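# Residue-level structural notes
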Amino acid sequence: MTDIVFIRGLRLETRIGIHDWEKQTTRPVILDLEMAGDVARAAASDRIADALDYDAVTRRLTEVVTHNRHELVETLAEQCAALLMREFGIPWLRLSLNKPGAVGEGVDVGVVIERGVRV
């Protein structure tokens, strides 16, 4: 059985979009993540070294998202997922990337991707 560590509502500012006006200003994206992790091992030891460190994950995502520019939410989602799996050894994740107001006031759009194998 796979345990899940989650991060919800991570709001970051980035330059994202295909339109010229979107390329000139930052706008928010919101990430929600579910990541496979061994909660039992961390619970038994009570050591962060045995846990999936959500603070480190959040800091790394913040660095990548805020310092890069993308045209598509699909590209940003894929890059975030690949980076997390590679750098944190995450075998499975579900990542939701939301671009609020992308097609009108009060309208959110985005993607949900799953990568890896959930054991």
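- If you check an unreviewed UniProt entry, the protein appears there as 7,8-dihydroneopterin aldolase from Allochromatium tepidum.
- Entered under Function (unreviewed entry) in the UniProt record, the comment concerning the protein runs "Catalyzes the conversion of 7,8-dihydroneopterin to 6-hydroxymethyl-7,8-dihydropterin."
- Check the Sequence similarities (unreviewed entry) section of the UniProt entry for the protein; it says "Belongs to the DHNA family."

## Points about the packing of helix H3 (residues 54-66) against helix H4 (residues 73-88)
- Two elements in contact, H3 and H4, have axes separated by 11 Å at closest approach and are oriented at 140°. The orientation of H3 with respect to H4, classified from their angle, is oblique. For H3 against H4, the interelement crossing comes out right-handed. Between H3 and H4, the contacting residues are Ala56, Val57, Arg60, Leu61, Val64 and Val65 on the first element and Leu76, Cys80, Leu83, Leu84, Glu87 and Phe88 on the second.

## A look at the packing of aromatic side chains
- What the rule picks out here adds up to zero aromatic pairs.
- Its guanidinium or amino end placed over the ring of phenylalanine 6, arginine 8 lies 3.8 Å from that ring's centre, counting from NZ or CZ.
- Lying over the aromatic face of tryptophan 92, arginine 118 brings its terminal NZ or CZ to 4.7 Å of the ring centre.

## Considering the side chain of threonine 14
- Looking at the secondary structure, you find threonine 14 in strand E1 (residues 3-16).
- One polar contact links the side chain of threonine 14 to the main-chain carbonyl oxygen of valine 65, over a distance of 2.7 Å.
- Reaching out from threonine 14, the side chain makes a polar contact with the backbone oxygen of asparagine 68 at a distance of 3.1 Å.
- The contacts of threonine 14, once residues within four sequence positions are left out, are Thr25, Thr26, Arg27, Val29, Val65 and Asn68.

Analysis parameters
Residues numbered from 1 in each chain as written. Predicted model: local features only at pLDDT ≥ 70, side-chain atom pairs only at ≥ 80, totals over all residues. Heavy atoms only, no water. UniProt positions renumbered as here; feature names shortened; annotations may be inferred. Axes fitted to C-alpha atoms, helices over the stretch in contact; angles between N-to-C directions. Helix = DSSP H or I, 4+ residues; strand = E, 2+ residues; numbered from the N terminus. Parallel < 35°, antiparallel > 145°, perpendicular 65-115°, else oblique. Left-handed = near helix turned anticlockwise from the far one by under 90°. Contact = heavy atoms within 4.5 Å. Phe/Tyr/Trp six-rings, centres within 6.5 Å; stacked < 30°, edge-to-face > 60°. Lys NZ or Arg CZ within 6 Å of the ring centre and 35° of its normal. Polar contact = N/O pair within 3.5 Å; in protein donor to acceptor, adjacent residues only side chain to side chain.

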